[in-house]
Amino acid sequence: ASHAQAAGARPRLVFFMNPNGAPCQMQDQILRGMGPSLTGAADVVYYRTSEPSEIGQFQAYGVRSLPLLIVTDQSGRELRRATPGIQAAEAVRQLVSLQGT
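Below is a summary of the structure that appears in this document.

What counts and how
Residues numbered from 1 in each chain as written. Predicted model: local features only at pLDDT ≥ 70, side-chain atom pairs only at ≥ 80, totals over all residues. Heavy atoms only, no water. Helix = DSSP H or I, 4+ residues; strand = E, 2+ residues; numbered from the N terminus. Contact = heavy atoms within 4.5 Å. Core = buried A, V, L, I, M, F, W, Y, C linked by side-chain atoms within 4.5 Å. Buried < 20%, exposed > 50% of the residue type's maximum accessible area, 1.4 Å probe, protein only. Pairing = 2+ DSSP bridges. Axes fitted to C-alpha atoms, helices over the stretch in contact; angles between N-to-C directions.

1. A word on the environment of arginine 12
Secondary-structure assignment places arginine 12 in strand S1 (residues 12-17). Arginine 12 sits 29 residues away from alanine 41 along the chain, and the two C-alpha atoms are 8.9 Å apart. For arginine 12, the contacting residues outside a window of four places in its chain are Asp43, Val45, Tyr47, Ile70, Val71, Thr72, Asp73, Gln74 and Gly76.

2. Let's talk about the nonpolar core
By size, the foremost hydrophobic cluster in this structure holds 15 residues, and its most contacted members are Leu13, Leu31, Leu38, Leu69 and Val92. Mapped onto this core, the elements with two or more residues apiece are S1, helix H1 (22-34), strand S3 (68-72) and helix H4 (89-97). Non-local contacts of valine 92, meaning those with residues more than four positions away in its chain, are made with Leu13, Gln27, Leu31, Met34, Leu38, Leu69 and Gln87. If you look at the next biggest cluster of nonpolar residues, it comprises 9 residues, including Phe16, Tyr47, Phe58 and Leu68.

3. A few points about the side chain of glutamine 87
Mapped onto the fold, glutamine 87 is located in the loop between strand S4 (78-81) and H4. By relative accessible area, which is 15% here, glutamine 87 ends up buried. Beyond its immediate stretch of four places on either side in the chain, glutamine 87 contacts Gln27, Ile30, Leu69, Ala82 and Val92.

4. Observations regarding the sheet that holds S1
Where strands meet in a sheet, backbone hydrogen bonds hold them as pairs that are either parallel or antiparallel. On the basis of which strands lie adjacent, the open sheet formed by 4 strands has the order S2-S1-S3-S4 and mixed pairing. Of all the strands in the sheet, the pair left with one neighbour each is strand S2 (43-48) and S4. The mean angle between the axes of side-by-side strands here comes to 25 degrees, regardless of whether they run parallel or antiparallel. Inspection of the sheet shows S1 paired to S3 by 5 bridges, in the antiparallel sense. Pairing of arginine 12 across the sheet is with threonine 72, part of S3. Across the sheet, H1 lies against S1, S2 and S3, angled at about 155 degrees from S1, the strand it touches most.

Next up, the structure:
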């Protein structure tokens, strides 16, 4: 892992998903398929509708449709979000690599 960035500077890629939904499973496969190119750029965080303790996060971010990818800073402040629905690897890369200020 590179320590070139200041600690805590890595964005978080938050994936809101329904583990039983086909579109969410497809998005999960895309993210996993990206491997180190994604995990090297962002901390990937999953929130699942199947986990009662995580449902509050869906409400906190106003999540209405799934799958949904949101980029936040380390404190959880939203920087940007993708259009709901399946995002191709290239779209995910662009979402993560845009430097929000």
